[in-house]
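# Summary of the model geometry
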Amino acid sequence: MSSFHLIAPSGYCINQTAAQCGVTRLTKSGHQVANQQVITRRDQRFAGTESERLADINGLAQLMGKNQIVMPVRGGYGASRLLEDIDWSALIARQQRDPLLICGHSDFTAIQFGLLAKGNVITFSGPMLAGNFGADTLNSFTEEHFWRALRNPTLCIEWEGDGPDCATEGTLWGGNLAMINSLIGTPWMPEIQGGILVLEDINEHPFRVERMLLQLLYAGILPRQRAIVLGSFSGAQPNDYDAGYDLAAMYDYLRSRLSIPVITGLDFGHEQRTVTLPLGAKAQLTHHSTRSTLTLCGHPVLNE
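What you see is a predicted model, and the numbers here were worked out from it, not measured in a lab.

## Things to note about the sheet that holds strand E1 (residues 3-7)
The pairing of strands in a sheet happens through backbone hydrogen bonds and is either parallel or antiparallel. The six strands lie next to each other as E2-E1-E3-E4-E5-E11, forming an open sheet whose pairing is mixed. Single-partner strands in this sheet number two, and they are strand E2 (32-34) and strand E11 (277-279). Pairwise comparison of adjacent strand axes, ignoring direction, gives a mean angle of 30° for this sheet. In the sheet, strand E4 (residues 101-104) pairs with strand E5 (residues 123-125) via two bridges, with the strands oriented parallel. Bridge assignment links Gly-104 to a residue of E5, and that residue is Ser-125. Along the sheet, helix H6 (residues 140-151) makes contact with E1, strand E3 (68-72), E4 and E5, crossing E3 at roughly 135°.

## Some thoughts on the pattern of salt bridges
A full pass over the atoms with the stated rule returns nine salt bridges. When the shortest N-O distance is used, the salt bridge between Arg-53 and Glu-50 registers 2.3 Å. Of this pair, Arg-53 and Glu-50 both sit in helix H2 (residues 50-58), three residues apart, which is roughly one turn of the helix. A relative accessible area of 0% places Arg-53 in the buried class. The network of salt bridges with common partners includes Glu-50, Arg-53 and Arg-81.

The rules behind the values
- Residues numbered from 1 in each chain as written.
- Predicted model: local features only at pLDDT ≥ 70, side-chain atom pairs only at ≥ 80, totals over all residues.
- Heavy atoms only, no water.
- Pairing = 2+ DSSP bridges.
- Helix = DSSP H or I, 4+ residues; strand = E, 2+ residues; numbered from the N terminus.
- Axes fitted to C-alpha atoms, helices over the stretch in contact; angles between N-to-C directions.
- Contact = heavy atoms within 4.5 Å.
- Salt bridge = Lys/Arg side-chain N within 4 Å of Asp/Glu carboxyl O.
- Buried < 20%, exposed > 50% of the residue type's maximum accessible area, 1.4 Å probe, protein only.

Right under this line is the structure:
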């Protein structure tokens, strides 16, 4: 079985019951869960002081043991505060020597992008302790896709997608749209050309999603990619004022502004049902009729 090493670089886990449920669920499955003290840490809205949260990240460079899965307790906000003080070179050296399997999403995207930008370090965009493993019922799709991603050197994900027929390949990257936008123009924004960019977000109205996508477009980031894959945008319900402007209308508008394929419908994001994606892996994307397939390789896996 595997060892989970918890970190808490972002927000305080207000749902302590869910976090403890996640620990119990993992230990009952035979996994070790280390560094549990980070769950209860709190400083204002954050999961501990700046130095405590920074130590969670920088300490990973010295973390010993094989098959170590690093997982944030939750997202929220706070990782952005740490970026200037993270010892990127030490972390990158550790990952090149003996990679930790680092998995998270949401606010954690900022740290994942820093690792990708500065050292081509592959991490996994996927479930976290409280929100996923600590859910009232652990989603079987999410659990199955998590272990599939961490165990298989070649990973294939299929879904009922929407978009133009296409077949392309490139570096897979992406994550939370708001966090990605916050990194434009910073040293922690990967400069990936010819990639496959996968995006998701939560509690952003369709016009806000569009505005962030347009920022990526105007910054030249979207046109440099080979394809865009859109995951879930939870809590993006339109209102009466929108008069028919919804996510589907926004997708149509985005497609009208881009010459590259935009594929939607992937179960990826702030949902109980989500895939796990290796950011920085080599990817092949095909879409035909209503069938989308993403084939990934080159990511670290568990040695079992």
